[in-house]
Amino acid sequence: MIEYINKRMIDWATWLKRREDGGLGYPGVANFCNMVSTHSGGGSGPIVMDAAAMEIEHIVLRLRAEKRHLYDVAYWVYAAGDLTMDRVSKELDCCRDTAYTRLHALHLYVMDAVHEITIQASERA
C-alpha cells in the first residue's frame, strides 16, 4: 500500500460523499459554533482539498473508462464505505489476496497519473 496515495484516495472519498450528500447530511458542527470567532491557521484548506480531490476524481473517471477492474476497487475500497477487505473481495468476486493486489495496482496507477499531472503543470509554468 502506498500511504500517500491511500491518503489522497481517502480524502477523495470524503469529498465525494460530501458532494453527493449535497450538504444535507448531519452537520459536522453545531450551528451556534459558526457564530464563534476562532483563531485558526487560516489559508485555503477547503479549496485546496477540493482541488486535490477533483484531481483524483478525474483520474478515477479515466479509470472507469479504461480499466474498469481498478475503478471497481476504488469504488469498493474507498467510496462504498468502511468495508473490510473480505467484503471488498466478495464484491469484486475474487480472493482477498487478489483484492490487495488490485488495490496496489490502483495505487500505482493513481501515483503515475498524479506524477504526470505534476510534470505537465511544471512544464506549463
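So, a few notes on the structure that sits alongside this text. Worth saying up front: this structure is predicted, and the values here are computed from it rather than measured.

Each value, and the rule that gives it
- Residues numbered from 1 in each chain as written.
- Predicted model: local features only at pLDDT ≥ 70, side-chain atom pairs only at ≥ 80, totals over all residues.
- Heavy atoms only, no water.
- Helix = DSSP H or I, 4+ residues; strand = E, 2+ residues; numbered from the N terminus.
- Buried < 20%, exposed > 50% of the residue type's maximum accessible area, 1.4 Å probe, protein only.
- Contact = heavy atoms within 4.5 Å.
- Areas by Shrake-Rupley, 256 points an atom, 1.4 Å probe, with all protein chains shown as cover.
- Phe/Tyr/Trp six-rings, centres within 6.5 Å; stacked < 30°, edge-to-face > 60°.
- Arc of directions from axis to C-beta.
- Salt bridge = Lys/Arg side-chain N within 4 Å of Asp/Glu carboxyl O.

## Focus: the overall build of the protein chain
- Secondary structure assignment for the protein chain yields five helices and zero strands.
- Listing every helix and strand of the protein chain by position from the N terminus yields α-α-α-α-α.
- Among the 125 residues that make up the protein chain, the fraction classed as buried is 29%.
- By sequence separation, contacts in the protein chain at least 24 residues apart represent 76% of the contacts at least 6 residues apart.
- With an accessible surface of roughly 8600 Å², the protein chain has 56% of that area assigned to carbon and sulfur atoms.

## Considering the environment of Tyr71
- With respect to the helices and strands, Tyr71 occurs in helix H3 (residues 68-79).
- On the accessibility criterion, Tyr71 (13% relative accessible area) is buried.
- Excluding its chain neighbours within four sequence positions, the residues that come into contact with Tyr71 are Val60, Leu63 and Arg64.

## Quick look at the packing of aromatic side chains
- By the definition in use, this model includes one aromatic pair.
- Geometrically, the ring pair formed by Tyr75 and Trp76 is edge-to-face, given 5.0 Å between the ring centres and 85 degrees between the ring planes.

## Overview of the environment of Leu70
- Locating Leu70 in the fold gives a position in helix H3.
- Overall, the relative accessible area of 4% leaves Leu70 in the buried class.
- Spatially, the C-alpha atoms of Leu70 and Leu106 are 5.6 Å apart, while their sequence positions differ by 36 residues.
- For Leu70, the contacting residues outside a window of four places in its chain are Leu63, Arg102, Ala105, Leu106 and Tyr109.

## Brief notes about H3
- For H3, the complete set of buried residues consists of Leu70, Tyr71, Val73, Ala74, Val77, Tyr78 and Ala79. Seen from one end, H3 has its buried residues packed into an arc of 160 degrees, which puts them on one side.
- Remark: Gly81 follows H3 within two positions and exhibits a positive phi of approximately 135 degrees.

## Considerations on the pattern of salt bridges
- Counted by the stated rule, this structure contains six salt bridges.
- A salt bridge links Asp11 to Lys7, with the nearest nitrogen and oxygen atoms 2.9 Å apart. Linking Asp11 with Lys7, this pair stays in helix H1 (residues 3-21), spanning four residues, or about one helical turn.
- For Asp86, the salt bridge identified is with Arg96, shortest N-O distance 3.8 Å. Note that Asp86 is positioned in helix H4 (residues 85-92) and Arg96 in helix H5 (residues 96-124), a separation of ten residues in sequence.

## Structural notes on H4
- Buried residues of H4: Met85, Val88, Ser89 and Leu92, and no others. In an axial view of H4, the angular spread of the buried residues amounts to 100 degrees, which keeps them on one side of the axis.
- Elements that come into contact with the buried residues of H4 comprise H3 and H5.
- Just downstream of H4, Asp93 is the residue with a positive phi angle, here 60 degrees.

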